[in-house]
Amino acid sequence: MKKYSYVGKGVPRIDAFEKVTGTAQYTADLRLPGMLYTKLLKSPHAHARIIRIDTSEAEKLLGVRAILTGKEVPYKFGIYMQDKETLAQKKVHHVGEPVVAVAADTEEIAEQAVELIKVEYEELPAVFDQRDAMKEGAPLVHERLHEYKHAPFIFPKPHTNIANHFKLRKGDVERGFKEADVIVENEFYQPQVQNVQMETHTSIGQWLPNGQINIWTSAQSPFAVRHLLSVGLGVPIHKINVVVPYLGGGFGGKAGLHWEPLVVLLSRKAGGRPVRLVMTREEQFNTTAVRQGFYARVKTGVKRDGKIVAEELLFLWDAGAYADYGVNITRAAGYSCTGPYEIPNVKCDSITVYTNHPYGTAYRGFGHPEFHFATERQMDLVARAIGMDPVEFRLKNAALPGRITATGEKLREDAGRVDECIKVVVEAIGWGKKEPKQVGGKLRGKGIAALWKAPAMPSYTSSSAILKLNEDGTVTLSIGSIEMGQGTPTALAQMVAEELQMPIEKVKVVTKRETDFSPYTWQTVASRGLFMEGNATLDAVRKLKEQVRETAAELFGVPKEELVVAEEKVFVPGKPDKSMPLAKLATAGIFPDGRGIGGPVLGYGMYTAEGLTNLDPETGQGLPALMWTFGAQGAEVEVDSETGEVRVLKMVSAFDIGKSINPVLLKGQVYGGIVQGIGSALMEEFIFNEKGALLNNNLTDYKICRAQDIPDEFVFIPIENPQRNAPYGVRGVGEHVRISVEPAIANAIYDATGVDLFEIPMNRERVWRALKQRGEKVASA
Amino acid sequence: MSRHEISLTVNGERYELEVEANRTLLQLLREDLELTGTKQACERGDCGLCTVLLDGVPTKSCLVLAVEVDGREVTTVEGLSRGEELTPVQRAFIEQGAVQCGFCTPAFILAGEALLKHNPRPTEEEVKEAVGGILCRCTGYRQIIDAILDASKSAKK
Ligand code: FES
Ligand code: FES
């Protein structure tokens, strides 16, 4: 019988006390001696050559300590494509791109200085739609694309706007379409949106005269920040220390490198004083990274019995001005393109296209919410074309264990079950029940959508953990993964307490990340944290126990195999004289005569992703997935046919998470993800004018869900088919909760109104227009 | 810029300060008094994260000038708990899982405290209304609403 049981319990998050009392520190809460404040002069043009910059008036202003222009910082940064300039160098690539940065004693002085700077531009023709940008003769966003360094799995096309072209070829689609009884083809479209983390991007940088670089930043990936900065600036890594305090939301938008180079370079110019940049909300929309726009064409060939025989997909991504994570989103969406179904013949071209929009980056779901909108709408449309129930149609084609994915991977027995997710959702939403369609003059309908996703990451990514035994028998766990609200550190504390069979109050997880001290992890992204840091943590526990046993074996004169570590002791079961508190071994073991042996106890654990391979550049075949998490979403909506307003009444969700480590935190992930999905389904979109300037760059005009906008009811059903190589069998779910919300709602809108929508957001105007159009068609028929 | 002398009470402590006419209450709290629990996320009244209690009333501190609070009483998140002892609302936020990144948490807790003071038994709709001006991108609000409802029950006991 275990004395302590934490895994599976809703223990309170370990950072909650600090957060409810306001003592949790975020980057903008820090104040360093001598700190300077930054303001940016940004481009008013989408595409223009910089002719002249005159900073002379600004330099005269009292309190201005450094002014930086692009010419002085000729570096290029980028995680997969080295294309990003810190400040625009020869030309600007989008409205809102920083051109000049000023560091001054106060923000007010910096702002005044910015107003005194004059920049002369010569406007260039710009391109705003990814389809236009692919045409012959389109203006080039990056003329020197052919010179850029990039990751080996990214395939840019020199002298075009194509930053990456991912190809997937499985079977023979042409033959598949010939076998098909029915072929259905549709187009889908989504605008750029923003992560809208409540904390805007914030960085403090210091480049000391001795070459040491210190950074405090709101980043999801401190080790990637360090690495990319080192590559971009040509500075050795050990000279860079990156500290990440609490993060006020990331959702992918704070992964990789963003404004860290800018503050560091400003600091160098200011003689090593720390320089802070807090993005304004307007800059968070205009200047910093966003989610790519998306266009899809999906052609599906199906037999009358419901078996899909061929699918051809074209995904075009509006990457904006820089490739950032966009090129890898393109790849991840490309290799997952079928959704959770087995299709024998697949052809997918997923293409990242530069435009003169703000630059795209990761946003929770990494391309999967976007393409699932297309593919899960398509599933309903194809089912309808052959007169089959959409649930039955999905189950018929489901990617079950043993089936072959689009990249040729045979799904393992322990891969998780999409069919179980679909079935429980269908049950809980009351699918097929005859219910009145009209309630109080409003139309009601139900829709479902399934989903899958694997962590999108290089094949060899790794994590580590350090577990220290302290002098009083408590333990301290250090990890490199960030706490950004998802709760991974709390779940790891639960695992450590469970494995060591000790009270969780005696387990500390260090909350601050600091690359000089924290163990390495690749990044806090891709829903990989619990799986990878979890495996590293379990390994650290094993090593710590091993060291304890080795020393205790010497002290007791017994073989170490007989020793058990639990309940804050090491002991031989049934032999009370062979037992010792862990505290007594923390720094060294001591023989009765005073001799010491062993040494400070520390478990160093690690984990490297297993079994992944590169994908074939021509066919995309290979093993990209550490694990697949499957799921399904069901929506019940109410549509006001007078106004076009859609209200989500109920959301039902199921994910095969393998194991629920902390049900309370898990529920929080689910609700939060769904509500983000509802935001992009119904209200969020970037609206530009014809010159590429964002018109709704504030939270009045760009609405996100408020408390009044959430569904009346959430039902969440965890499915627990354990993953063999995962800690406690757990799979990642942080992003999945946010996938397939949009198509479930769109499918429900069709059920309610008979109107098909191919574009999001499905805001009042769009729904009202579609209803009106259908009304006209019905009237004229 | 003209400077003004003001005196105010923040979390029960009296302050006498000289402030510029355009300084906001949010700047005064975060920068002059270094009470950084109050967050800034838009500076134009859209997000509600800068909410504090001004004479007990939830107020967006980015929309209030420091000179306007002369002689008044401000409560920030730092003024709620006594040492380790949390208020029922703070406790409920922890128990219900209403906290994720925590950036919005101080604002929601203050709004919850003010609501329960005037309306100890609010309905779900009343809670939604009371927090409707504050944004959270992480939680989906469900557990925040549940926490405030839960605190209203436990406070009665
Ligand atoms: S900072 Fe005051 S409302 Fe946003
Ligand atoms: S908990 Fe992150 S914004 Fe609310």
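All of these numbers come straight from a predicted model, not from anything done at the bench. (Residues numbered from 1 in each chain as written. Chains lettered and ligands numbered in written order. Predicted model: local features only at pLDDT ≥ 70, side-chain atom pairs only at ≥ 80, totals over all residues. Heavy atoms only, no water.)

**Looking at the overall build of chain B**
Helix and strand counts for chain B come out as five helices and five strands. Judged by the C-alpha coordinates and their principal axes, chain B covers about 50 × 30 × 25 Å. Counting only residues that meet the buried cut, chain B has 58% of its 157 residues in that class. For chain B, restricting intrachain contacts to residue pairs at least 6 apart in sequence, the fraction spanning at least 24 positions comes to 55%. Total accessible area computed for chain B in this model is approximately 6600 Å², and 43% of it derives from carbon and sulfur atoms. Of the side-chain charges in chain B, 18 are positive and 25 negative, and the distance between the mean point of each set is 6 Å. (Helix = DSSP H or I, 4+ residues; strand = E, 2+ residues; numbered from the N terminus. Buried < 20%, exposed > 50% of the residue type's maximum accessible area, 1.4 Å probe, protein only. Contact = heavy atoms within 4.5 Å. Areas by Shrake-Rupley, 256 points an atom, 1.4 Å probe, with all protein chains shown as cover. Lys, Arg positive; Asp, Glu negative; His and termini not counted. Charge placed at Lys NZ, Arg CZ, Asp CG, Glu CD.)

**Considerations on the domain arrangement of chain B**
You'll often see interface size given as the accessible area lost when the parts meet. All names here are of chain B. The assigned domain composition of chain B is domain 1 (3-77) and domain 2 (88-154). Placing the centre of domain 1 and that of domain 2 at their C-alpha centroids yields a distance of 22 Å. Counting from both sides, the interface comprises 17 residues of domain 1 and, opposite them, eleven residues of domain 2. When the two sides are added together, the surface that domain 1 and domain 2 hide from each other amounts to roughly 1100 Å², 72% of it contributed by carbon and sulfur. At the junction of domain 1 with domain 2, the criterion picks out one residue pair in polar contact (both at pLDDT 80 or more). Of the residues forming the side of domain 1 that touches domain 2, the biggest block, three residues, is contributed by strand β3 (residues 51-54). Of the residues contributing to the side of domain 1 that touches domain 2, the split by class is seven nonpolar, seven polar and three charged. (Domains from an automatic or database assignment. Buried area = accessible area lost by both parts, 1.4 Å probe. Polar contact = N/O pair within 3.5 Å; in protein donor to acceptor, adjacent residues only side chain to side chain. Nonpolar A, V, L, I, M, F, W, Y, C, P; charged D, E, K, R; others polar.)

**Examining the packing of helix α3 (residues 105-118) of chain B against helix α4 (residues 124-131) of chain B**
Residues and elements named next belong to chain B. With their axes 9 Å apart at the nearest point, α3 and α4 run at an angle of 130° to one another. Here α3 is positioned oblique relative to α4, judged by the angle of their axes. Crossing handedness for the pair α3 and α4: right-handed. Residue-level inspection shows Phe108, Ala111 and Leu115 of α3 in contact with α4, the latter providing Glu126, Val127, Ala130 and Val131. For the contact of α3 with α4, the class distribution of residues is six nonpolar, no polar and one charged. (Axes fitted to C-alpha atoms, helices over the stretch in contact; angles between N-to-C directions. Parallel < 35°, antiparallel > 145°, perpendicular 65-115°, else oblique. Left-handed = near helix turned anticlockwise from the far one by under 90°.)

**Some thoughts on helix α13 (residues 488-500) of chain A**
Residues and elements named next belong to chain A. The first and last C-alpha atoms of α13 sit 18 Å apart over 13 residues, in line with the 18 Å expected at 1.5 Å per residue. Extensive coverage of α13 is indicated by the burial of twelve of its 13 residues. With its phi angle positive at about 50°, Gln501 sits one or two positions after the end of α13. (Expected span 1.5 Å × (residues − 1).)

**Quick look at the layout of surface pockets**
What the largest pocket holds in volume is close to 1000 Å³. Lining the largest pocket are 41 residues, and of these Glu107, Glu108 and Arg276 of chain A together with Gln27 and Glu31 of chain B lie nearest its centre. Of all the secondary-structure elements, those providing two or more residues to the lining of the largest pocket are β1 (36-42), α3 (107-116) and β12 (275-278) of chain A together with α1 (25-32) of chain B. Taken as a whole, the second largest pocket spans an internal volume of roughly 630 Å³. Around the second largest pocket, the lining comprises 34 residues; the ones closest to its centre are Ile79, Tyr80, His227, Pro458 and Tyr460 of chain A. Elements that contribute at least two residues to the lining of the second largest pocket include exactly α6 (222-233) and α9 (326-335) of chain A. Examining the composition of the lining of the second largest pocket, we find that seven residues originate from one element, α6 of chain A, more than from any other. Its residues assigned to classes, the lining of the second largest pocket shows 21 nonpolar, nine polar and four charged. (1 Å grid on protein atoms, 1.4 Å probe; cavity = no way out; pocket = protein on both sides within 12 Å on 5 of 7 lines; lining within 4 Å. Points joined across faces, edges and corners; volume = space filled by probe spheres on them.)

**Focus on the side chain of Thr515 of chain A**
Residue and element names in this part refer to chain A. Within the fold, Thr515 resides in the loop between β23 (513-514) and α14 (529-556). Of the residues examined, Thr515 reaches a relative accessible area of 5% and is grouped as buried. A distance of 3.3 Å separates a polar atom in the side chain of Thr515 from a polar atom in the side chain of Asn241. Here Val242 takes part through its backbone nitrogen, which lies 2.8 Å from a polar atom of the side chain of Thr515. The contact partners of Thr515, leaving out residues within four places of it in the chain, are Pro222, Phe223, Arg226, Ile240, Asn241 and Val242.

**Section: the interface of chain B and chain A**
Tallying the contact residues gives 48 residues for chain B and 47 residues for chain A. Between chain B and chain A, the buried area comes to about 3800 Å², and carbon and sulfur atoms account for 57% of it. Viewed at the interface, chain A and chain B are joined by four salt bridges. Asp29 of chain A is the partner of Arg30 of chain B in a salt bridge, and the nearest nitrogen-oxygen pair spans 2.8 Å. Our enumeration of links across chain B and chain A arrives at 27 residue pairs in polar contact (both at pLDDT 80 or more). (Salt bridge = Lys/Arg side-chain N within 4 Å of Asp/Glu carboxyl O.)

**Some remarks on the nonpolar core**
Formed by 275 residues in total, the largest nonpolar core has its most connected members in Leu233, Phe315, Ile745 and Met762 of chain A together with Phe93 of chain B. Looking at this core element by element, the count peaks at twelve residues for α14 of chain A. Aside from chain neighbours lying at most four places away, what touches Phe93 of chain B is Val20 of chain A together with Ala98, Val99, Thr105, Phe108, Ile109, Ile144, Ala147 and Ile148 of chain B. Ranked by size, the runner-up nonpolar core spans 18 residues in total, among them Ala104, Val114, Ile117 and Tyr121 of chain A. (Core = buried A, V, L, I, M, F, W, Y, C linked by side-chain atoms within 4.5 Å.)

**Examining the sheet that holds strand β8 (residues 182-190) of chain A**
Residues and elements named next belong to chain A. With mixed pairing, five strands are arranged side by side in an open sheet as β7-β16-β15-β14-β8. On the outer flanks of this sheet lie β7 (162-170) and β8, each paired with one strand and no other. Strand-to-strand twist of the sheet, defined as the mean angle between neighbouring strand axes without regard to direction, takes the value 5°. One ladder, built from ten bridges, connects strand β14 (residues 293-302) with strand β15 (residues 308-320); its direction is antiparallel. Residue pairing across strands places Arg297 opposite Leu314, the latter belonging to β15. (Pairing = 2+ DSSP bridges.)

**Focus: unusual backbone geometry**
Note that the residue after Ile760 of chain A, namely Pro761 of chain A, is joined by a cis bond; omega there is 0°. Inspection of the secondary structure puts Pro761 of chain A in the loop between α16 (741-753) and α17 (764-780). At Glu568 of chain A, a position not held by glycine, the phi torsion is positive, near 65°. As for its placement among the helices and strands, Glu568 of chain A is situated in the loop between β24 (564-566) and β25 (569-572). Phi at Asn11 of chain B takes a positive value of approximately 50°, unusual for a residue other than glycine.

**Things to note about empty space enclosed by the protein**
All names here are of chain A. Counted according to the given criterion, the structure contains seven cavities of 30 Å³ or more. Taken as a whole, the largest cavity spans an internal volume of roughly 690 Å³. Within the residue set of the lining of the largest cavity, elements represented by two or more residues are α13, α14 and α15 (663-682). The element best represented in the lining of the largest cavity is α15, accounting for three residues. Its volume calculated, the second largest cavity comes out at about 110 Å³. Class assignment of the residues belonging to the lining of the second largest cavity gives a composition of seven nonpolar, three polar and four charged.

**Here's the deal with a nonpolar patch on the surface**
The grouping of Leu602, Tyr604 and Met606 of chain A at the surface amounts to a nonpolar patch, some 290 Å² of accessible area in total. You can see Leu602 of chain A is positioned in strand β29 (residues 602-608). (Patch = residues over 30% accessible without salt bridge, like charges linked within 9 Å, V, L, I, M, F, W, Y side chains within 5 Å.)

**Quick word on the packing of aromatic side chains**
Any pair of aromatic rings gets described here by the distance separating the centres and the angle formed by the planes. Residues and elements named next belong to chain A. Evaluation of the coordinates by the stated rule reveals 25 aromatic pairs over all chains. Measuring from centroid to centroid gives 6.0 Å for Trp452 and Phe630, while their planes differ by 35°, and the two rings are tilted. You can see Trp452 sitting in strand β19 (residues 442-453) and its partner Phe630 sitting in strand β30 (residues 629-639), a full 178 residues away along the chain. Members of the aromatic cluster, each reached through a chain of ring pairs, are Tyr80, Phe153, Tyr325 and Phe366. Directly above the ring of Trp207 sits Arg268, whose terminal nitrogen or CZ lies 4.6 Å from the centroid. The positively charged end of Lys569 is found above the aromatic ring belonging to Phe571, 5.8 Å away from the centroid. (Phe/Tyr/Trp six-rings, centres within 6.5 Å; stacked < 30°, edge-to-face > 60°. Lys NZ or Arg CZ within 6 Å of the ring centre and 35° of its normal.)

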